[in-house]
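Remarks on the overall topology
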2 protein chains.
Amino acid sequence: MSIAPVRSVSSVPPAPPRGRPRPPSGNAVTPTRTSRTTTSKPTTLRQVARAADVSMATVSRVLAGNYPVAPRTRQRVLRAVQELDYVANTHARALRGHATPTVALVLPDLRDEAVARIAQGVEEEATRNGRSCLIGTTRGDPERERTVLRGMRQNGAGAVILIGGGAQDPVHQEELATIAGSLAAAGSRLVFCGRPAPDDATPATVVEYDNEGGAYAVVSRLLVQGHRRILFLGPATGSTTAAGRLAGYRRALADFDLPFRPELVVGGGLGRADARDRLARRLVGGSDFTAVFAVTDNAASGALAALREVGLSVPDDVSLVGYGDAECATDLLPQLTTVHVPYVELGRTAVRLALGLTEGSVSAADQRALLGTHVVLRDSTAPPPRRRPT
Amino acid sequence: MSIAPVRSVSSVPPAPPRGRPRPPSGNAVTPTRTSRTTTSKPTTLRQVARAADVSMATVSRVLAGNYPVAPRTRQRVLRAVQELDYVANTHARALRGHATPTVALVLPDLRDEAVARIAQGVEEEATRNGRSCLIGTTRGDPERERTVLRGMRQNGAGAVILIGGGAQDPVHQEELATIAGSLAAAGSRLVFCGRPAPDDATPATVVEYDNEGGAYAVVSRLLVQGHRRILFLGPATGSTTAAGRLAGYRRALADFDLPFRPELVVGGGLGRADARDRLARRLVGGSDFTAVFAVTDNAASGALAALREVGLSVPDDVSLVGYGDAECATDLLPQLTTVHVPYVELGRTAVRLALGLTEGSVSAADQRALLGTHVVLRDSTAPPPRRRPT
DNA sequence: CTGTTAGCGCCTTCAG
DNA sequence: CTGAAGGCGCTAACAG
């Protein structure tokens, strides 16, 4: 319904490569494959060699540039390369042992903002190191995850980076451990990036961020401002991420000698809609809190909507904080105080560690990193109002 | 400052593959490589053959499963494969001509929501067709774009999909045309996905969405509601995307016999901050419009902020519409009326077309598609107020 | 400086 | 049913 192929134009027959106006072809042999209408295979080294009237080795050397070649010869070769529009075949190269292995990236869904940020970091660092980057999505399905991982291994990935939505399933974790082993045995590396890794015996790399610490920090901030009854809006269990944030919340409370009140944990998922609904329901009997710690910026967005619906103003009546420093945090009104997570750096670090490029690091065996998080102060918090709002 | 490697744990030495408790190794030859601590190369077909005491050909056949093999032999082979944790080398396969070529994806930045959606579509459709998906980012730099494209070609990509931020630079477009030619000559395909393509003679595939039509539709909606002075918030030039949306805006106006008023075009970029600033500045002398068509949902978000700042309410005082149906559209309050763009489908279609999988299509030569857009009605529009707001 | 040779790991005829 | 052999495209020793 929303798709409508409308035009269908030109059935362009694959034209010959349209290089610059072909320079007069010197003393090169007949260009053999000047215009081919059939879907032909790409030019090979041999063809170039023939065209330039040299051996394949010479061509290879000219291209590699790591070996002396007579200037005249080089010219001829270069011209032939241009003319035939030659590019070396990566697979053959790899087979011969001369290709830099790729970096593989396995994730649930690219549309997730955090995932996309990590992916961006991975890609940047990979290309910065001359590796290309293979990507595979799993939709959070453990079975697909294994399938994809296997595929990446076949591809001879030099590092496989796993991000997002780790299943708690111990069986699956065991499988992952096995895969990590295979990878490690082949000189590669499985990286758990921002998600829980199997037991410590597994030869895997782990890159995390200080999830609990961030939660501790924002909640402390609320406490310092004078809030005493702070809602935890998010699941108490099920997701490692949420669990860590809850832990930070509790620790902050404890440090202020406040008891943990289970009735202030609202539950729900990580998303916006769920948060909104849960909080709205909670709000029907009036509010018994002065601040909300949403497990996620999206959840915070939902919370804001719910609060608005019942006429509660943020931050005048209720303070609100989120987690993740998503884009929506600045779209909201008021702009959201939240915890910044260095997602892009997470991705970069994953690649560096896996590839053994930890510059400045003493031991190349550091296969574990924990990046810091920090609070971003914006406009959604204030000291609690004098009279508790009805 | 935001990064703080904190812990550095276990220097796990690459352990041997931890397969299930190794089954008693039948009559297989000594497993040769049972525990290796050095970073060794992956198992080869030959090793499996030796272990199973058969020829390489037989192993190959068992694995391919397309040729009769004695059950007993197959068992032996399978066991050896398991034991040695063998996976075929993709490069060798590719070289031999038996690998499905990959799909390459070239884009400016994964963090862009629209880009991420298209990428997701591409990846899904690619794996649905058994292709793996290579990704490369360009940061919008034409030179990097060319570099990356070259790399993809070397990789023997079966299709190269180019998305986002096309540079207007004619020189670069010419280069792209050349690359498209090379690709086509090698039986591959360059796809321009949601971005302008070079001249029609170029052997490229083009997948677009009805950009102008979407703009026409939303603006018409505003006009129907009675709005007569509608601000166009976005650049009048520079970006093909913005230009198309402006064109739709103008056509809608024309269809209502309204003149196009250049003073209602505010200018600015596609982003939030710019939109906010521009509109705020515009607003100092009061508002001479009853509705705003923001070129982008992000721009709309900025507009909303600017309007709020001067005490104008949406949609009571001013109606607001965006474009793109981004996630933030539903985060805003009021939720934003906008134009939905089928980004994911765009990606899928790109792959289908490039790979020649256009099911149901008559001519396999359709190398051009235009997907429809549609308005998503939410809460940010209303009929204009009686008295024009000051 | 340049050419010849020998594989990288796999698949696929062609013979047994 | 199974094995031996050749070669995909490229590069790295070795000779010239």
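Residues numbered from 1 in each chain as written. Chains lettered and ligands numbered in written order. Predicted model: local features only at pLDDT ≥ 70, side-chain atom pairs only at ≥ 80, totals over all residues. Heavy atoms only, no water.

The name an unreviewed UniProt entry gives chain A is LacI family DNA-binding transcriptional regulator, with Streptomyces mimosae as the organism.

Here we take up the overall build of chain A. Assigned secondary structure in chain A consists of 13 helices and 11 strands. The buried share of chain A, reckoned over its 390 residues, is 52%. Restricting the contact set of chain A to residue pairs at least 6 apart, pairs at least 24 apart contribute 72%. Carbon and sulfur atoms make up 51% of the accessible area of chain A, which amounts to about 17,100 Å² in all. (Helix = DSSP H or I, 4+ residues; strand = E, 2+ residues; numbered from the N terminus. Buried < 20%, exposed > 50% of the residue type's maximum accessible area, 1.4 Å probe, protein only. Contact = heavy atoms within 4.5 Å. Areas by Shrake-Rupley, 256 points an atom, 1.4 Å probe, with all protein chains shown as cover.)

All names here are of chain A. By the alternation rule, side chains of strand S10 (residues 368–371) split into Arg368 and Leu370 and Ala369 and Leu371, which are all buried. As paired strands, strand S5 (residues 204–209) and S10 are joined by four bridges and run parallel to one another. The partner of Glu208 across the bridge, within S10, is Leu370. (Pairing = 2+ DSSP bridges.)

Close to DNA strand D lie 25 residues; Leu45, Tyr86 and His98 of chain A together with Thr58 and Thr73 of chain B are nearest. Of what DNA strand D places within 4 Å of the protein, 62% of the atoms are sugar or phosphate. Side-chain polar atom of Arg61 of chain B to a base nitrogen of DNA strand D: 2.8 Å apart, as the coordinates give it. At the level of secondary structure, the elements contributing two or more residues to the surface near DNA strand D comprise helix H2 (56–64) and helix H4 (90–95) of chain A together with helix H2 (56–64) and helix H4 (90–96) of chain B. Its residues assigned to classes, the surface near DNA strand D shows 13 nonpolar, seven polar and five charged. (Near = heavy atom within 4 Å. Polar contact = N/O pair within 3.5 Å; in protein donor to acceptor, adjacent residues only side chain to side chain. Nonpolar A, V, L, I, M, F, W, Y, C, P; charged D, E, K, R; others polar.)

For the rest of this paragraph, the subject is the protein's contact with DNA strand C. Looking at DNA strand C, there are 25 residues lining it, with Thr73 and Arg96 of chain A together with Leu45, Tyr86 and His98 of chain B nearest. Near-protein atoms of DNA strand C (within 4 Å) split between backbone and bases, with sugar and phosphate holding 61%. The set of elements that each furnish at least two residues to the surface near DNA strand C consists of H2 of chain A together with H2 and H4 of chain B. The greatest single-element share of the surface near DNA strand C, amounting to four residues, is contributed by H2 of chain B.

What follows deals with helix H13 (residues 343–355) of chain B. All names here are of chain B. For H13, built from 13 residues, the straight-helix expectation of 18 Å at 1.5 Å per residue is met to within 8% by its first-to-last C-alpha distance of 19 Å. Judged by how many residues are buried, H13 sits mostly within the fold: 13 of 13 residues are covered. Where H13 ends, the next residue or the one after it, Gly356, has phi of about 70°, a positive value. (Expected span 1.5 Å × (residues − 1).)

Residue and element names in this part refer to chain A. Close contact between helix H8 (residues 211–224) and helix H9 (residues 240–255) brings their axes to 7 Å; oriented N to C, the two are set at 40°. Taken together, the axes of H8 and H9 lie oblique to each other. When the axes of H8 and H9 are compared, the crossing they make is right-handed. Counted together, Asn211, Glu212, Gly213, Ala215, Tyr216, Val219, Ser220 and Leu223 of H8 and Thr240, Thr241, Gly244, Arg245, Ala247, Gly248, Tyr249, Arg251, Ala252, Leu253 and Asp255 of H9 form the full contact between these two elements. Looking at the contact of H8 with H9, its residues break down into eight nonpolar, seven polar and four charged. (Axes fitted to C-alpha atoms, helices over the stretch in contact; angles between N-to-C directions. Parallel < 35°, antiparallel > 145°, perpendicular 65-115°, else oblique. Left-handed = near helix turned anticlockwise from the far one by under 90°.)

This structure, assessed with the given rule, holds 37 salt bridges over all chains. The residue Glu124 of chain A makes a salt bridge to Arg348 of chain A at a minimum N-O spacing of 2.4 Å. With Glu124 of chain A in helix H5 (residues 113–128) and Arg348 of chain A in helix H13 (residues 343–355), this residue pair connects regions lying 224 residues apart in the sequence. The exposure class assigned to Arg348 of chain A is buried, which follows from its relative accessible area of 18%. For Glu125 of chain B, the salt bridge is made with Arg348 of chain B, and the minimal N-O distance between the two is 2.8 Å. On the criterion of sequence distance, the pair formed by Glu125 of chain B in helix H5 (residues 113–128) and Arg348 of chain B in helix H13 is long-range, its members being 223 residues apart. Residue Glu125 of chain B shares its accessibility class with Arg348 of chain B, and that shared class is buried. Salt bridges sharing partners connect three or more residues here, namely Asp109 and Arg111 of chain A together with Glu124, Glu125, Arg128, Glu345, Arg348 and Arg352 of chain B. (Salt bridge = Lys/Arg side-chain N within 4 Å of Asp/Glu carboxyl O.)

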